[in-house]
Amino acid sequence: MLIVRTITDFYPKITGPANQAFYVSKYLHDYYGWNSIIVTVNNKERSVRIQDLGFATVIRLPLILPKNFLGGYGFVKGYRSFLSRIKPSVVHNHGYRNFFCDATFHLRPQLNFKRVVSCHGTVLMYRYIHTNRISWFPYLFYDAITAMKSLKEADVIITSSEQEKKELDSIGIPHEKIWVIPMGAHIPDLDNYKKLQAMKCQKEKIIILTVGRWEQSRRLEIIVNAFQKVYNTYKNVELWIVGPEASRSTFTKKGYLTSIKQLVDKLGISRNVKFLGELTGENLQKIYAKADIFVYASLYENFGQTILEAGSFGLPIISTPVGIAREIVINNKTGFLYNFDDYLTLAEKINLLVNNDSLRMDYSNNVVKLVREKFSWDKIIPKYKELYESLSKK
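Residues numbered from 1 in each chain as written. Predicted model: local features only at pLDDT ≥ 70, side-chain atom pairs only at ≥ 80, totals over all residues. Heavy atoms only, no water.

A. Highlighting the overall build of the protein. A tally of helices and strands in the protein yields 16 helices and 14 strands. The globule rule puts the C-alpha radius of gyration for 394 residues at 21 Å, and the 22 Å found for the protein is close to it. Referenced to the eigenvectors of the C-alpha coordinate spread, the extents of the protein come out at roughly 65 × 45 × 40 Å. When each of the 394 residues of the protein is scored for burial, the buried share is 55%. Of the charged side chains in the protein, 54 are positive and 36 negative, and the gap between their average positions amounts to 4 Å. (Helix = DSSP H or I, 4+ residues; strand = E, 2+ residues; numbered from the N terminus. Rg over C-alpha atoms; globule rule 2.2 N^0.38 Å. Buried < 20%, exposed > 50% of the residue type's maximum accessible area, 1.4 Å probe, protein only. Lys, Arg positive; Asp, Glu negative; His and termini not counted. Charge placed at Lys NZ, Arg CZ, Asp CG, Glu CD.)

B. Layout of the sheet that holds strand 12 (residues 293–296). Read across the open sheet, the six strands follow the order 11-10-9-12-13-14; overall the sheet is parallel. On the outer flanks of this sheet lie strand 11 (273–277) and strand 14 (335–337), each paired with one strand and no other. Across this sheet, the average inter-strand angle for adjacent strands is 20°, counted without regard to direction. Of the strand pairs in this sheet, strand 12 and strand 13 (residues 317–319) are connected by three bridges, and their pairing is parallel. Looking across to strand 13, one finds that phenylalanine 294 is bridged to isoleucine 317. Each of strand 9 (206–211), strand 10 (237–242), strand 11 and strand 12 touches helix 11 (residues 281–290); the most contacted strand, strand 9, lies at about 140° to it. (Pairing = 2+ DSSP bridges. Axes fitted to C-alpha atoms, helices over the stretch in contact; angles between N-to-C directions. Contact = heavy atoms within 4.5 Å.)

C. Main features of the packing of helix 2 (residues 79–86) against helix 3 (residues 99–111). Close contact between helix 2 and helix 3 brings their axes to 10 Å; oriented N to C, the two are set at 45°. Classified by the interaxial angle, the pair formed by helix 2 and helix 3 is oblique. Along this stretch, helix 2 crosses helix 3, giving a crossing that reads as right-handed. On helix 3, the residues that touch Tyr79, Arg80, Leu83 and Ser84 of helix 2 are Phe99, Phe100, Ala103, Thr104, Leu107, Gln110 and Leu111. By residue class, the composition of the contact of helix 2 with helix 3 is seven nonpolar, three polar and one charged. (Parallel < 35°, antiparallel > 145°, perpendicular 65-115°, else oblique. Left-handed = near helix turned anticlockwise from the far one by under 90°. Nonpolar A, V, L, I, M, F, W, Y, C, P; charged D, E, K, R; others polar.)

D. A look at empty space enclosed by the protein. Scanning all chains against the criterion turns up one cavity of 30 Å³ or more. One number sums up the size of the largest cavity: a volume of about 40 Å³. Gln20, Ser118, Cys119, His120, Ile158, Thr159, Ser160, Glu164, Ile181 and Asn302 are the residues that line the largest cavity. Partitioning the lining of the largest cavity into residue classes produces three nonpolar, six polar and one charged. (1 Å grid on protein atoms, 1.4 Å probe; cavity = no way out; pocket = protein on both sides within 12 Å on 5 of 7 lines; lining within 4 Å. Points joined across faces, edges and corners; volume = space filled by probe spheres on them.)

E. Spotlight on the packing of aromatic side chains. Scanning the model with the defined rule gives 25 aromatic pairs in all. Relative to tyrosine 23, the ring of phenylalanine 22 lies with its centre 4.9 Å away and its plane at 85°, an arrangement referred to as edge-to-face. Ring centres of tyrosine 32 and tryptophan 34 lie 6.0 Å apart, and the angle between their planes is 45°; this geometry places the pair in the tilted category. Overall, the relative accessible area of 28% leaves tyrosine 32 in the partly exposed class. According to the relative accessible area criterion, tryptophan 34 is buried, its value standing at 15%. Members of the aromatic cluster, connected to one another through ring pairs, are Phe10, Tyr11, Phe22, Tyr23, Tyr27, Tyr31, Tyr32, Trp34, Phe55, Trp377, Tyr384 and Tyr388. The ring of tyrosine 231 has lysine 235 lying over it, and the distance from NZ or CZ to the ring centre is 4.1 Å. The ring of phenylalanine 275 is capped by lysine 261, whose NZ or CZ atom sits 5.4 Å from the centre of that ring. (Phe/Tyr/Trp six-rings, centres within 6.5 Å; stacked < 30°, edge-to-face > 60°. Lys NZ or Arg CZ within 6 Å of the ring centre and 35° of its normal.)

Laid out in structure tokens, this is it:
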């Protein structure tokens, strides 16, 4: 079975969809010997670039127009001829409202392959993160002129959470087309986990961690305001903020992280708040390993990869009810859910965990057990195998 994945942004740019395309390809090869081809955009040159990852081949196709044209749609050259030459069994589009997804839709009748679309939050996210409805216009216009056919006429549509599945239900996607397959987690082995817990019991400071690509809808100011309340009671706490400023669309204002740093200074907590910038791989894992509590304040996530990563390292999670948090965070067992923008309740729950080492340890054990049972890669990859094999039988 020859599987082609398409994705507009791929490594070295780190995104949730890029991580998913990478690891699904890797583990399908490791577990079952299946090879994938990952087709993406060559942003730097007007030529085709080929990279062998061992478990997958990456094909970078040149852009016809600048990538930021039409909000990052990503017109590329040579995609049709490439698919015609290799004759894939399945083309798996990561993301909606992009060139690859539309071109694959139009090529399918001619080349007779099966189509899978992973939404990655691209369908209805704009309704949650743009309070000004004028900003909705490009999305609504695209959906109107295409009748959403590149999504609705896929053989299978993958959502990463039950929340995203409900969103697709609301626009009339048939239930039988939707598969809920979350991102998998890399979980420290049991011996390493026990060592981490022992080290944390000996620390003087409690580290409260949040990780993301920061812009207005992720509400970092709520976390900062809550932390200031916590710091007024407990001086042995630090807030670590990991991640760069990012824009989900051309309508997102710049300078968000600068405003957050100004707020930290204004509240007089700069000595206990660390902005660590963008971290990936082992550097990010070391931060998760050192932290004690994970907090999140986003208005919307289709999944929330950092929530899952925090749980895999046994961090009690205090989050708004977004994405995978609804499935991982069990109140009074693995953490707490709180209402959007309610920084006082967030502060109250942080205080509860800061003040009780035993409770933190219990929540830690519970969350890592839940993640291990439901979200480890050895539980996730067989679902992809089942999906692809079901397509070959149609």
